[in-house]
Amino acid sequence: MTVQNRMALQCFTLLALAGFLLMQVGCNISLEQDPEKTVSVEISGVKASERETITETLEGMVDGSGGHSMFSSFAGESMSVSLSPVSDPEAFAKKINFGKVTEVKERTIKVDCTQ
């Protein structure tokens, strides 16, 4: 067995052991967002240079100081962000200061940044 193969086997073994230990201690990590605590923010008129600032702003607006979940996508001047936890979409929308909120419908917030 070559040194490279031995190192690869050791890495695989360590990863398998780490996974096994996480399962044994009941680690409850989930990448899924709770639909009851998730809002979708649909933003139009976003310049590429503004995207990072907007995502950082939204990230700081979620409930609590603990963990959060956020997924974002971009296409042209449109941006869509799904984030959690947000218990009150209306109150969340009132905190948005990077554009004009044009609609809040259930858990979807529409924002226009063209102004």
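So, here's what we can say about the structure. (Residues numbered from 1 in each chain as written. Predicted model: local features only at pLDDT ≥ 70, side-chain atom pairs only at ≥ 80, totals over all residues. Heavy atoms only, no water.)

Description of the sheet that holds strand β2 (residues 69-75)
Right, so step 1: Reading across the sheet, the five strands line up as β2-β3-β1-β5-β4 and stay open at both edges, with mixed pairing between neighbours. Looking at strand neighbours, the two that pair on one side only are β2 and β4 (100-105), the edges of this open sheet. Put simply, the sheet's adjacent strands are angled 15° from each other on average, direction ignored.
Right, so step 2: As defined by bridge partners, β4 adjoins strand β5 (residues 108-112) across five bridges and the pair is classed as antiparallel. By the bridge assignment for β5, Glu-103 is matched with Lys-110.
Right, so step 3: Contacting β1 (39-44), β2 and β3 (78-84), helix α2 (residues 51-59) crosses the sheet at an angle of about 20° to β3. (Pairing = 2+ DSSP bridges. Helix = DSSP H or I, 4+ residues; strand = E, 2+ residues; numbered from the N terminus. Axes fitted to C-alpha atoms, helices over the stretch in contact; angles between N-to-C directions. Contact = heavy atoms within 4.5 Å.)

Here's the deal with α2
Right, so step 1: If you check which residues of α2 are buried, you get Ile-54, Thr-55 and Leu-58. The buried residues of α2 all sit within an arc of 95° when viewed along its axis, so they share a single face.
Right, so step 2: Turning to α2, the residues buried within the fold contact β1, β2, β3 and α3 (89-94). (Buried < 20%, exposed > 50% of the residue type's maximum accessible area, 1.4 Å probe, protein only. Arc of directions from axis to C-beta.)

Side note on the pattern of salt bridges
Right, so step 1: For the structure shown, the criterion picks out one salt bridge.
Right, so step 2: Residue Lys-110 pairs with Glu-103 through a salt bridge whose shortest N-O separation is 3.9 Å.
Right, so step 3: In this structure Lys-110 comes out as partly exposed when scored by relative accessible area, which is 34%. (Salt bridge = Lys/Arg side-chain N within 4 Å of Asp/Glu carboxyl O.)

Some points on unusual backbone geometry
Among all residues save glycine, negative phi is the norm, and among peptide bonds the norm is trans.
Right, so step 1: Along the chain, Ser-84 connects to Pro-85 via a cis peptide bond; the corresponding omega equals 5°.
Right, so step 2: Turning to its location among the elements, Pro-85 is positioned in the loop between β3 and α3.
Right, so step 3: In this model, Glu-106 sits at a positive phi of 55°, which is unusual for a non-glycine residue.
Right, so step 4: As for its placement among the helices and strands, Glu-106 is situated in the loop between β4 and β5.

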